[in-house]
Amino acid sequence: MRASCILVCFFMFLAASSAVPGKKKQYKPCRELVLYFHDIIYNGQNAANATSAIVAAPEGANLTILAGQFHFGNIVVFDDPITLDNNLHSPPVGRAQGMYIYDTKNTFTAWLGFSFSLNSTDHLGTINFLGADPIMIKTRDISVVGGTGDFFMHRGVATISTDAFEGEVYFRLRVDIKFYECW
Amino acid sequence: MRASCILVCFFMFLAASSAVPGKKKQYKPCRELVLYFHDIIYNGQNAANATSAIVAAPEGANLTILAGQFHFGNIVVFDDPITLDNNLHSPPVGRAQGMYIYDTKNTFTAWLGFSFSLNSTDHLGTINFLGADPIMIKTRDISVVGGTGDFFMHRGVATISTDAFEGEVYFRLRVDIKFYECW
Amino acid sequence: MRASCILVCFFMFLAASSAVPGKKKQYKPCRELVLYFHDIIYNGQNAANATSAIVAAPEGANLTILAGQFHFGNIVVFDDPITLDNNLHSPPVGRAQGMYIYDTKNTFTAWLGFSFSLNSTDHLGTINFLGADPIMIKTRDISVVGGTGDFFMHRGVATISTDAFEGEVYFRLRVDIKFYECW
């Protein structure tokens, strides 16, 4: 009896300890989601298909051509379809909405602030993202800072990678969302 | 004695379990706050009263009229009074400051990034918000991603609803802030 | 034996309790970092040195001079060097990238959304910030909403202060980052 009580105490201790994170390497997501989204920038001629538009630019640049100097200073607003696979024409499960900002003069980097609004039989809710995107690196991590609906109060890290791009008009991002705080 | 120890263990178990959230439906906020804020967009003629201004727009649009296509691509910077009730002329308890971005071409949706700076006898501190706002839906949820002062490290969800609007010049949002992580 | 079991239970209780924060005053950061970053705004003549640029402005303003009315409505995109001390010419340990928005008509305040991308022998990873910056106040607190790499899932509060400024071209911010959630 005493032994079993000690055993219970021991497992209680494990339970309590698990709330105090140790080394980062060993964390496993409590939930994971891989999605793709597709961005077609307005270039003055593709109004019907474009899902995003340049809305701000530095002095001397215009709103139909991404600025020189690695697009430094361009702000793009987007409303991009989200799909489960890498096919632009797959049925969308939601929309990626927000903005990206090109923010370096001597290489391609962006700052991202956007949300996933998911609306499918599997997922209903939003996921909010924020972070630096050093575009030329194969995989980069941004923060998942919150969520609503099915993703109520979730936090995590999203690993993004450029799955494809065509000139300066189309790109597709793969987003591997790993939640480490689930509710 | 053994029984009481087991009982204590049992309650310990409950205490530890409570840190591991189960179904989302049963959560109760640890703190709640209902506030209103009031936005008057600059339209070229109301400089004295305007609390916000269009600062970015897509190609072909200007900065005194919200753009066509459901204002897609407009970025609005705002500094709006916050009140405890739905009266624009009530004494403000702080300012809502940040930006909203219209981000869909075929309906009204916005992306919000802003802060409440509260400065009253009741509240001193800031609350930081982020999220997608599908304006045409009655209530929508955005993330409360952090806070300072009285709201140090708080996280939660804010339910916003359009309490009133007048043409494209004035709108009032009701913000029901529910904190689920209080410090 | 019974006593020791009760003792273990008691410590379990303490461990479980520690997850439930009490008064905010007594919190100590689990990690702290003081860094500086340096911003040189493009004014039409300093293209070689400028680290930031005005990319959006209200009606009537331009992109080489900060707008009237306390710069209300200006959006500035930046890519600023981060240093360990207050010397602009110290070896940078990373880049501060993102945007600030001037958002009040009758005093200087800004809204900040940016990331620190750190890349030195000491730190590799990103820290994501968000919050209101009432510039004229000596120290102001913004939220640290997430991180990646060495700052995986971290949250906290950053106290910023204007360490120096020269006219409207250069300013240096001291950022005292206090993490209260470390992983």
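Residues numbered from 1 in each chain as written. Chains lettered and ligands numbered in written order. Predicted model: local features only at pLDDT ≥ 70, side-chain atom pairs only at ≥ 80, totals over all residues. Heavy atoms only, no water.

Visitor: When you look at the pattern of salt bridges in this model, what are you seeing that I'm missing?
Guide: What the rule picks out here adds up to 15 salt bridges over all chains. For the salt bridge of R140 of chain B with D133 of chain B, the shortest nitrogen-to-oxygen distance reads 2.5 Å. As far as burial versus exposure is concerned, R140 of chain B and D133 of chain B are alike and both buried. Members of the salt-bridge network, linked through shared partners, are R155 and E181 of chain A, R155 and E181 of chain B together with R155 and E181 of chain C. (Salt bridge = Lys/Arg side-chain N within 4 Å of Asp/Glu carboxyl O. Buried < 20%, exposed > 50% of the residue type's maximum accessible area, 1.4 Å probe, protein only.)

Visitor: What's the story with the side chain of N74 of chain A in this structure? I'm lost.
Guide: All names here are of chain A. Mapping N74 onto the fold places it in the loop between β2 (52-56) and β3 (75-83). Of the polar contacts made by the side chain of N74, one reaches the backbone oxygen of A56; its length is 3.2 Å. Discounting residues that sit within four places of it in the chain, N74 has contacts with I54, A56, A57, P58, L66, A67, Y100, I101 and Y102. (Helix = DSSP H or I, 4+ residues; strand = E, 2+ residues; numbered from the N terminus. Polar contact = N/O pair within 3.5 Å; in protein donor to acceptor, adjacent residues only side chain to side chain. Contact = heavy atoms within 4.5 Å.)

Visitor: Sorry if this is basic, but what is going on with the state of the cysteines here?
Guide: Disulfide: a covalent bond connecting the sulfur atoms of a pair of cysteines. Residues and elements named next belong to chain A. Applying the stated criterion to the full structure yields 3 disulfides over all chains. Between C30 and C182 runs a disulfide, and the two sulfur atoms are separated by 2.1 Å. With the S-S bond torsion at 90°, the cross-link from C30 to C182 turns out right-handed. One end of the pair, C30, is in the loop between α1 (2-17) and β1 (31-40); the other, C182, is in the segment after β9 (170-181), with 152 residues separating them in the sequence. By relative accessible area, which is 44% here, C30 ends up partly exposed. (Disulfide = S-S within 2.5 Å.)

Visitor: In this structure, what is going on with the pairing of strand β9 (residues 170-181) of chain C? I would like to understand it.
Guide: Every regular strand shows the same layout, with side chains that alternate between the two sheet faces. Residues and elements named next belong to chain C. Among the 12 residues in β9, 11 count as buried, and that is most of the element. Sheet topology note: the strand β1 (residues 31-40)/β9 ladder contains 10 bridges and is antiparallel. In the strand pairing of β9, V34 is matched with D176. For strand β8 (residues 155-166) and β9, the ladder comprises 11 bridges, and the chain directions are antiparallel. Across the sheet, residue T162 finds its bridge partner in β9, namely L173. Connecting the antiparallel pair β8 and β9 is a turn made up of 3 residues, with G167 showing a positive phi of about 55°. (Pairing = 2+ DSSP bridges.)

Visitor: Sorry if this is basic, but what is going on with the packing of aromatic side chains here?
Guide: The geometry of an aromatic ring pair is captured by the separation of the ring centres together with the interplanar angle, meaning the angle of the planes. Applying the stated criterion across every chain, the model contains 48 aromatic pairs over all chains. A centroid spacing of 5.5 Å and a plane angle of 35° characterise the contact between F78 of chain A and Y100 of chain A, whose relative ring orientation is tilted. Of the two residues, F78 of chain A is situated in strand β3 and Y100 of chain A in strand β4 (residues 94-102); the sequence distance between them amounts to 22 residues. Taken individually, F78 of chain A and Y100 of chain A each receive the classification buried, so the pair is uniform in this respect. An angle of 80° between the planes, with centres 4.7 Å apart, marks the rings of F152 of chain B and Y180 of chain C as edge-to-face. Here the residue F152 of chain B occupies a position in the loop between β7 (140-149) and β8 (155-166), and Y180 of chain C occupies one in strand β9, the pair thus bridging two chains. On the accessibility criterion, F152 of chain B (10% relative accessible area) is buried. On the basis of relative accessible area, Y180 of chain C is assigned to the buried category, the value being 16%. Among the aromatic residues, those joined into a ring-pair cluster are F37, F78, Y100, Y102, F114, F116, F129 and F171 of chain A. Against the face of F72 of chain B rests K105 of chain B, its NZ or CZ located 5.9 Å from the ring centre. (Phe/Tyr/Trp six-rings, centres within 6.5 Å; stacked < 30°, edge-to-face > 60°. Lys NZ or Arg CZ within 6 Å of the ring centre and 35° of its normal.)

Visitor: I tried to follow the side chain of H71 of chain B on my own but got confused; where do I start?
Guide: With respect to the secondary-structure elements, H71 of chain B resides in the loop between β2 (52-56) and β3 (75-83). For H71 of chain B, a relative accessible area of 6% gives the class buried.

Visitor: What exactly am I supposed to notice about the relation of the copies chain C and chain B here?
Guide: Note that the two copies of the chain are related through a rotation about an axis and a translation along the same axis. Superposing chain C onto chain B takes a rotation of 120° combined with a translation of 0.0 Å along the rotation axis, leaving an RMSD of 0.0 Å. Seen this way, the second copy is the image of the first under a three-fold rotation axis. (Least-squares fit on C-alpha atoms with pLDDT ≥ 70 in both.)

Visitor: Which parts of the structure should I look at to understand the interface of chain C and chain B?
Guide: Accessible area lost upon the coming together of the parts is a frequently used measure of interface size. Contacts between chain C and chain B engage 38 residues on the former and 45 residues on the latter. Summing both partners gives a buried area of about 3100 Å² for chain C against chain B, and 70% of it is carried by carbon and sulfur. The interface formed by chain C and chain B holds 1 salt bridge in total. A salt bridge links E181 of chain B to R155 of chain C; the shortest N-O distance between them is 3.7 Å. Along the contact surface separating chain C from chain B lie 9 residue pairs in polar contact (both at pLDDT 80 or more). Among the secondary structure elements, those contributing two or more residues to the side of chain C that touches chain B are α1 (2-17), β4 (94-102), β6 (124-133), β7 (140-149), β8 and β9 of chain C. When residues of the side of chain C that touches chain B are assigned to their parent elements, the largest contribution, 7 residues, is made by α1 of chain C. Residues of the side of chain C that touches chain B, tallied by class, amount to 23 nonpolar, 7 polar and 8 charged. (Buried area = accessible area lost by both parts, 1.4 Å probe. Nonpolar A, V, L, I, M, F, W, Y, C, P; charged D, E, K, R; others polar.)

Visitor: Hey, could you run me through the layout of surface pockets in this one?
Guide: Space left empty within the atom packing is revealed by a probe, the size of a water molecule, rolled over the atoms. Approximately 940 Å³ is the volume found for the second largest pocket. Every residue lining the second largest pocket is counted, 42 residues in all, and those nearest its centre are S117, L118 and T126 of chain A together with P134 and I137 of chain B. The class makeup of the residues in the lining of the second largest pocket is 16 nonpolar, 16 polar and 10 charged. (1 Å grid on protein atoms, 1.4 Å probe; cavity = no way out; pocket = protein on both sides within 12 Å on 5 of 7 lines; lining within 4 Å. Points joined across faces, edges and corners; volume = space filled by probe spheres on them.)

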